[in-house]
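Given next are the chains, with one letter for each unit.
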Amino acid sequence: MGKKIYKEPIKAEMETTINVLYSENILSIYTNKVSLQKKLNKLLGEPKKEIMYKRSISGSIWEVSLDEKAKIQKIILKANIYEL
């Protein structure tokens, strides 16, 4: 695949949502923050879904099994998801 084009959100509309789906045993991460999308792409690979606006990516969703504790720890430590 070629180079990805991301659409930078308005600062007031920037969001990251992390959901724990216990019944499905999944950690679901959604973000529209471009820098975090790029970091998660490097750490986790391609997202499960990319939300497109015209030809640009406006948000991405990753799903990680709760059994993959090392991967979850890597996300917390290296992706800096708490950055304000």
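Just above, that's the structure.
Residues numbered from 1 in each chain as written. Predicted model: local features only at pLDDT ≥ 70, side-chain atom pairs only at ≥ 80, totals over all residues. Heavy atoms only, no water.

1. Observations concerning the pairing of strand β4 (residues 56–65)
Thought 1: Here strand β2 (residues 26–31) runs beside β4; their pairing, made up of six bridges, is antiparallel. Residue pairing in the sheet places I26 in a bridge with S65 of β4.
Thought 2: Note that strand β3 (residues 49–53) and β4 share five bridges and pair antiparallel. Residue K49 lies in a different strand from β4, and its bridge partner there is I61.
Thought 3: Hairpin connection, β3 to β4: the antiparallel pair is bridged by two residues, and K54 has positive phi, about 55°. (Pairing = 2+ DSSP bridges. Helix = DSSP H or I, 4+ residues; strand = E, 2+ residues; numbered from the N terminus.)

2. Focus: the sheet that holds strand β1 (residues 16–21)
Thought 1: Strand order in this open sheet of four strands is β1-β2-β4-β3, and the pairing throughout is antiparallel. Where the open sheet ends on each side, the last strands, each with one partner, are β1 and β3. Neighbouring strand axes in the sheet, compared pairwise and without regard to direction, differ in orientation by 15° on average.
Thought 2: Along the sheet, helix α1 (residues 34–44) contacts β1, β2 and β4; its crossing angle with β4, the most-contacted strand, is approximately 40°.
Thought 3: In this fold helix α2 (residues 69–78) packs onto β2 and β4, with an angle of close to 140° to the strand it touches most, β4. (Axes fitted to C-alpha atoms, helices over the stretch in contact; angles between N-to-C directions. Contact = heavy atoms within 4.5 Å.)

3. As for the environment of M52
Thought 1: Here M52 is to be found in strand β3.
Thought 2: Spatially, the C-alpha atom of M52 lies 9.9 Å from that of I5, the residues being 47 residues apart in sequence.
Thought 3: Leaving out residues up to four positions away in the same chain, M52 has contacts with I57 and S58.

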